[in-house]
2 protein chains.
Amino acid sequence: MTKVAALLEGRGLRPSHQRVRIYEVLAATKAHPSAEDLWQALQPELPTLSRTTVYNTLASFLGLGLAKPIYIQGEELRYDADMESHGHFRCRSCGRVYDFPFGEAEYRPRLDPGFVPELVQLACVGLCSGCAKPREG
Amino acid sequence: MTKVAALLEGRGLRPSHQRVRIYEVLAATKAHPSAEDLWQALQPELPTLSRTTVYNTLASFLGLGLAKPIYIQGEELRYDADMESHGHFRCRSCGRVYDFPFGEAEYRPRLDPGFVPELVQLACVGLCSGCAKPREG
DNA sequence: TTCTCTGCAAACGCTTTGCACGGAT
DNA sequence: ATCCGTGCAAAGCGTTTGCAGAGAA
């Protein structure tokens, strides 16, 4: 039993080959893949894998706290197996999404009394270091 | 010529009755309406108004800096005619979206060197004052 | 056998596009 | 007469749902 299989089983999810591989691919990347990205990445080794299974599996991961959804400006939903609190920076030139650290404490919103924040998300759009200075370097 | 008509004309947009009314309804609310919301709100007075026109018009407003798009956790796109910088709080119980003040300066993300943020968005999900303490008051 | 998982196909909700009519310049 | 604006209908995209067959327990 692999580590990932044990992890899934520990959350009450049967560690099917599909689920294990979807989790492994998701956890191995920092590219914040969409469902489609994951499906494409797995096509070579699992040519019969259906998008439905990817969607189903990702939905289970979200419910079980194994992954977080990343909503970026009306784009397709992306997923992240890194459960640490962090912000996301999307480069408007190359489209890549980068993490950056942030403690929720330092971005505490100035809400009216009685409002209870449960989730604080910080998102940036701009130019990444690679795209901002193409002539330097 | 009304104030709104002049505003639209000043941006090079012909102040048709539809456009003027869409802008007026958008500017008069703090509810961050979706295209569908605006279309519904205008049905009584403009029963022939099409959704397409609402979408077209809102797209022009965005392009001309007359409104801002609000992307909330995979929900339908909402619009805001308030161009001031502010965060959005969505109550997960009642679904309402509230503004809260924030200067981008106080939420400056800790990005790696070379990254150039152009837009910083802070979004919260939680319970609003009305839903957080239903028994008090 | 029973129950979950899988995956095809169809439906779905929001948004965009193609196109033709109509009204303004 | 020429444009731009409008609005119907259809397409598009990401995602969800219905259902039947496959596979594990």
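Source: prediction; values computed, not measured.

Peer 1: In this structure, what is going on with the interface of chain A and chain B? I would like to understand it.
Peer 2: The accessible area lost on association of the parts is a frequent measure of interface size. Taken together, the contact pairs 34 residues of chain A with 34 residues of chain B. Summing the contributions of chain A and of chain B, the shared interface buries around 3000 Å²; its carbon and sulfur component is 56%. On the chain A side of the contact with chain B, Gln73(A), Arg110(A) and Phe115(A) bury the most area, a combined 21% of that side's loss. One salt bridge in this structure joins Glu118(A) and Arg92(B), with 2.7 Å as the shortest N-O distance. The interface formed by chain A and chain B contains 10 residue pairs in polar contact (both at pLDDT 80 or more). Elements with a minimum of two residues in the side of chain A that touches chain B: strand 4 (97-101), strand 5 (116-127) and helix 5 (129-132) of chain A. Broken down by element, the side of chain A that touches chain B gets its largest block of residues, 12 residues, from strand 5 of chain A. A class-by-class count of the residues in the side of chain A that touches chain B yields 22 nonpolar, seven polar and five charged. Note that strand 5 of chain A and strand 5 (residues 116-127) of chain B share 11 bridges and pair antiparallel. Looking at strand 5 of chain B, one finds that Pro117(A) is bridged to Gly126(B).

Peer 1: What is the right way to look at unusual backbone geometry in this model?
Peer 2: Negative phi values dominate among residues other than glycine, just as trans dominates among peptide bonds. Its identity is not glycine, yet His32(A) carries a phi of approximately 55 degrees, on the positive side. Looking at where His32(A) falls in the secondary structure, it is placed in the loop between helix 2 (17-28) and helix 3 (35-42). On the basis of relative accessibility, which here comes to 2%, the residue His32(A) falls in the buried class. At Gln73(B), a position not held by glycine, the phi torsion is positive, near 40 degrees. Take Gln73(B): it is sitting in the loop between strand 1 (68-70) and strand 2 (78-80). With a relative accessible area of 23%, Gln73(B) lands in the partly exposed category.

Peer 1: Mind showing me how you'd approach the relation of the copies chain A and chain B here?
Peer 2: Superposition of the two copies of the chain requires a rotation about an axis together with a shift along that axis. After a rotation of 180 degrees and a shift along the axis of 0.1 Å, chain A superposes on chain B with an RMSD of 0.1 Å. The transformation just described matches what one would write down for a two-fold rotation axis. When C-alpha distances to the rotation axis are compared across chain A, the minimum falls at Leu122(A), with a value of 2.4 Å.

Peer 1: Teacher, can you tell me more about the protein's contact with DNA strand D here?
Peer 2: Inspection of the region around DNA strand D gives 13 residues, with Tyr55(A), Leu77(A), Ser16(B), Arg19(B) and Ser50(B) positioned closest. For DNA strand D, the fraction of atoms within 4 Å of the protein that belong to sugar or phosphate moieties is 78%. Separating a phosphate oxygen of DNA strand D from a side-chain N or O atom of Ser16(B) is a distance of 2.4 Å. Those elements that provide at least two residues to the surface near DNA strand D are helix 4 (51-63) of chain A together with helix 2 (17-28) and helix 4 (51-63) of chain B. Of the residues that constitute the surface near DNA strand D, the class distribution is three nonpolar, seven polar and three charged.

Peer 1: Is there a simple way to think about the protein's contact with DNA strand C in this case?
Peer 2: Ser16(A), Arg19(A), Ser50(A), Tyr55(B) and Leu77(B) are the nearest of the 13 residues found near DNA strand C. Per the 4 Å cut-off to the protein, sugar and phosphate atoms form 77% of the nearby atoms of DNA strand C. Between Ser16(A) and DNA strand C, the recorded distance is 2.4 Å, taken from a side-chain N or O atom to a phosphate oxygen. Between DNA strand C and Arg19(A) there is a distance of 2.9 Å, counted from a phosphate oxygen to a side-chain nitrogen or oxygen.

Peer 1: Would you explain the environment of Leu8(B) in this entry?
Peer 2: Residue and element names in this part refer to chain B. Here Leu8 lies in helix 1 (residues 3-10). Owing to a relative accessible area of 0%, Leu8 belongs among the buried residues under this scheme. Among all residues touching Leu8, those that are not within four sequence positions of it are Leu13, Pro15, Arg19, Val20, Phe61 and Leu66.

Peer 1: Even after reading the chapter, I still don't get the packing of aromatic side chains, so can you show me in this structure?
Peer 2: Two numbers describe a pair of aromatic rings. These are the distance of the centres and the angle of the planes. In this structure the tally under the stated criterion is six aromatic pairs over all chains. Look at Phe89(A) and Phe115(B): their rings are 5.1 Å apart centre to centre, the planes differ by 75 degrees, and that puts the pair in the edge-to-face class. Residue Phe89(A) is located in strand 3 (residues 86-91), and its partner Phe115(B) is located in the loop between strand 4 (97-101) and strand 5; the two belong to separate chains. Like Phe89(A), the residue Phe115(B) is buried in the burial classification. Within the aromatic cluster, the residues linked to one another by ring pairs are Phe89(A), Tyr98(A) and Phe115(B).

Peer 1: For this particular structure, what's the right way to read the pattern of salt bridges?
Peer 2: Any two side chains of opposite charge can pair, given that their charged atoms come close. Throughout the structure, instances matching the rule amount to 12 salt bridges over all chains. Among the salt bridges present, the one from Arg21(B) reaches Glu45(B), with a minimum N-O distance of 2.8 Å. Within this pair, whereas Arg21(B) is found in helix 2, its partner Glu45(B) is found in the loop between helix 3 (35-42) and helix 4, the two being separated by 24 residues in sequence. Residues joined by salt bridges that share partners form a network here, namely Arg21(A), Glu24(A) and Glu45(A).

Cut-off values and rules
Residues numbered from 1 in each chain as written. Chains lettered and ligands numbered in written order. Predicted model: local features only at pLDDT ≥ 70, side-chain atom pairs only at ≥ 80, totals over all residues. Heavy atoms only, no water. Contact = heavy atoms within 4.5 Å. Buried area = accessible area lost by both parts, 1.4 Å probe. Salt bridge = Lys/Arg side-chain N within 4 Å of Asp/Glu carboxyl O. Polar contact = N/O pair within 3.5 Å; in protein donor to acceptor, adjacent residues only side chain to side chain. Helix = DSSP H or I, 4+ residues; strand = E, 2+ residues; numbered from the N terminus. Nonpolar A, V, L, I, M, F, W, Y, C, P; charged D, E, K, R; others polar. Pairing = 2+ DSSP bridges. Buried < 20%, exposed > 50% of the residue type's maximum accessible area, 1.4 Å probe, protein only. Least-squares fit on C-alpha atoms with pLDDT ≥ 70 in both. Near = heavy atom within 4 Å. Phe/Tyr/Trp six-rings, centres within 6.5 Å; stacked < 30°, edge-to-face > 60°.

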